[in-house]
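What the coordinates show
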Amino acid sequence: MADMRTAFEFPAIVNEKAARAVAGLVVLVAAVALLTGWLWLSAVLAVGFALRVASGPRFDPFGRLATKVIAPRLGEPVLVPGPPKRFAQAVGLVLTLVATGFLAAGLPAVTTALLAVLLVFATLEAALGFCAGCYVFGL
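Being a predicted model, the structure only gives us computed values, none of them experimental.

1. Brief notes about helix 3 (residues 41–55)
Given a rise of 1.5 Å per residue, 15 residues ought to cover 21 Å, and the 21 Å separating the end C-alpha atoms of helix 3 matches this to within 8%. What helix 3 keeps buried is the set Leu 41, Ser 42, Leu 45, Ala 46, Gly 48, Phe 49, Arg 52, Val 53 and Ser 55. With its phi angle positive at about 70°, Gly 56 sits one or two positions after the end of helix 3.

So this is what it looks like as structure tokens:
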């Protein structure tokens, strides 16, 4: 049972560079969704956020790509506390679940607006290193 519990733990310490790389991938998918009208990608984003909230990068394709491929190419890791990043991922999960729910309810304009909000905050994380969820967690 301890192995199963360990599999679904969020890391206590995370690499900031990997977190920013994940945010960059979220930016890419959100931008594609908004530019193409493929709003169903909000559900794909929600699954990724759920996987990251449950276990960090362990089972999430974006997390694996960021930690194993992208971040190592960006130099030495910058280690930061994991709990604020988990909280930020949980906020992303709620946002994308709500966006997907509005899409299912036939309200794509609300989904578009919520994906635009996600795009802004993920861009702040990816480009500037400002994690709004981490800031709120600290309050």
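Picking up after the structure, the text goes on.
2. Thoughts on the state of the cysteines
Counted by the stated rule, this structure contains 1 disulfide. At a sulfur-sulfur separation of 2.3 Å, the disulfide partner of Cys 131 is Cys 134. Between Cys 131 and Cys 134, the S-S dihedral sits near 70°, and the bridge is therefore right-handed. Pair check on accessibility: Cys 131 and Cys 134 agree, each one buried.

3. Comments concerning the nonpolar core
In this structure, Val 26, Leu 45, Phe 49, Ala 66, Leu 115 and Leu 118 are the most contacted members of the largest nonpolar core, which totals 19 residues. Of all the secondary-structure elements, those providing two or more residues to this core are helix 2 (16–36), helix 3 and helix 6 (108–128). Among the elements that line this core, the one with the most residues is helix 2, at 8 residues. Not counting residues within four places of it along the chain, the set of residues in contact with Leu 118 comprises Val 26, Leu 45, Phe 49, Leu 95 and Thr 96.

Reading the values: rules and limits
Residues numbered from 1 in each chain as written. Predicted model: local features only at pLDDT ≥ 70, side-chain atom pairs only at ≥ 80, totals over all residues. Heavy atoms only, no water. Helix = DSSP H or I, 4+ residues; strand = E, 2+ residues; numbered from the N terminus. Expected span 1.5 Å × (residues − 1). Buried < 20%, exposed > 50% of the residue type's maximum accessible area, 1.4 Å probe, protein only. Disulfide = S-S within 2.5 Å. Core = buried A, V, L, I, M, F, W, Y, C linked by side-chain atoms within 4.5 Å. Contact = heavy atoms within 4.5 Å.

On their own, these measurements won't tell you what the molecule is for.
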